[in-house]
Amino acid sequence: MDVLNDETENGRLFAEIIGDSPVIDAVLGRWHAIALPDCWLVAGALAQTVWNRAFGFGPHHGISDIDLVYFDGSDLSEYSEAQHAARIRGLFRDLEMKIDVKNEARVHLWYEQKFGYDIEPYTSTTHAISTFPTTATAVGVRPAEEKLAIAAPFGLDDLLGLVVRPNKVQITRVIYEAKAARWRALWPQLAILPWEGA
């Protein structure tokens, strides 16, 4: 999967928007302390930061948590994942926002129990990002050599264009429509495409 950077037009705009967010900036500013392999800040908080900027909401509006995902195929234990999560929540306790930390290498071990169907193991964090529920939220960022690395398997057009489109690689219609209903209530101006025909 292509990893973009903040030198493309869309990349520059996206980097500017999330750089203005006190929440996202606080996490990226202490990235060295996270110290997890193949780690990315991903999904909802990024998309919702873009939506908040576009629609004139405050930086915390609608953001329920910050998702950090990493990939460690050498340790699939739930215990290690929980230990990393507790450590990182301690690093960012000043944010007063939930920090969710997941090892994408072990998602296949619990996915069926939570969602009712199994998935193949991911091969990397960017592989996992490519299966996220919508094209707008299938995005991740991390600092890289004084730039911003951006994992965006579907590009940034939908995200910056305020379009919500299902990514049908893995999710079900029920999952998509539940997310869409929540987002429609919080950001009613979003262009949310129906499952059928999208």
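For every chain, the first residue of the written sequence is number 1, and numbering continues from 1 along that sequence. Given that this is a predicted model, residues contribute local features only at a pLDDT of at least 70 and side-chain atom pairs are listed and counted only at 80 or more, while totals for whole chains, interfaces and linings are drawn from all residues. Side-chain metrics rest on all non-hydrogen atoms present in the structure, leaving aside hydrogens and water.

Description of helix α1 (residues 9-19)
And step 1. Those residues of α1 that sit buried are Gly11, Phe14, Ala15, Ile17 and Ile18. Viewed along the axis of α1, the buried residues span an arc of 165°, placing them on a single side of the element. Think of it in three bands: with a 1.4 Å probe and only protein chains considered, a residue is buried below 20% of the maximum accessible area for its type, exposed above 50%, and partly exposed in between. Note on conventions: DSSP H or I runs of at least 4 residues are helices, E runs of at least 2 residues are strands, and numbering of each starts at the N terminus. The directions considered for the arc are those from the helix axis to the C-beta atoms.

Structural notes on the layout of surface pockets
And step 1. A cavity here means a set of 1 Å grid points, computed over protein atoms only, where a 1.4 Å probe fits but cannot escape. A pocket is an open set with protein on both sides within 12 Å along at least 5 of 7 lines, and lining residues have an atom within 4 Å of a point. Grid points are joined across faces, edges and corners, and a volume is the space filled by probe spheres set on the points. Of the pockets and cavities examined, the largest pocket occupies roughly 810 Å³.
And step 2. Lining of the largest pocket is provided by 31 residues; of these, Ala43, Asp67, Asp100, Pro133 and Lys179 occupy positions nearest its centre.
And step 3. Elements that contribute at least two residues to the lining of the largest pocket include exactly α4 (44-55), β3 (65-70), β4 (98-103), α6 (107-115) and α9 (173-186).
And step 4. At five residues, α6 tops the list of elements feeding residues into the lining of the largest pocket.
And step 5. Residues are grouped as follows: nonpolar covers Ala, Val, Leu, Ile, Met, Phe, Trp, Tyr, Cys and Pro; charged covers Asp, Glu, Lys and Arg; every other residue, Gly included, is treated as polar. Each residue belonging to the lining of the largest pocket can be placed in one class, and the counts come to 16 nonpolar, six polar and nine charged.

Description of the side chain of threonine 49
And step 1. Note on placement: threonine 49 falls in helix α4.
And step 2. Under the relative-accessibility criterion, threonine 49 is labelled buried at 6%.
And step 3. Think of a polar contact as two N or O atoms within 3.5 Å of one another; within protein, one of them needs to be a possible hydrogen donor and the other a possible acceptor, and neighboring residues in sequence only count if both atoms come from side chains. Here alanine 45 takes part through its backbone oxygen, which lies 2.6 Å from a polar atom of the side chain of threonine 49.
And step 4. In this description, contact between two residues means that some pair of their heavy atoms is separated by no more than 4.5 Å. If we skip the residues at most four places from it in the chain, threonine 49 touches Ile17, Ile18, Ser21, Ile24 and Ile63.

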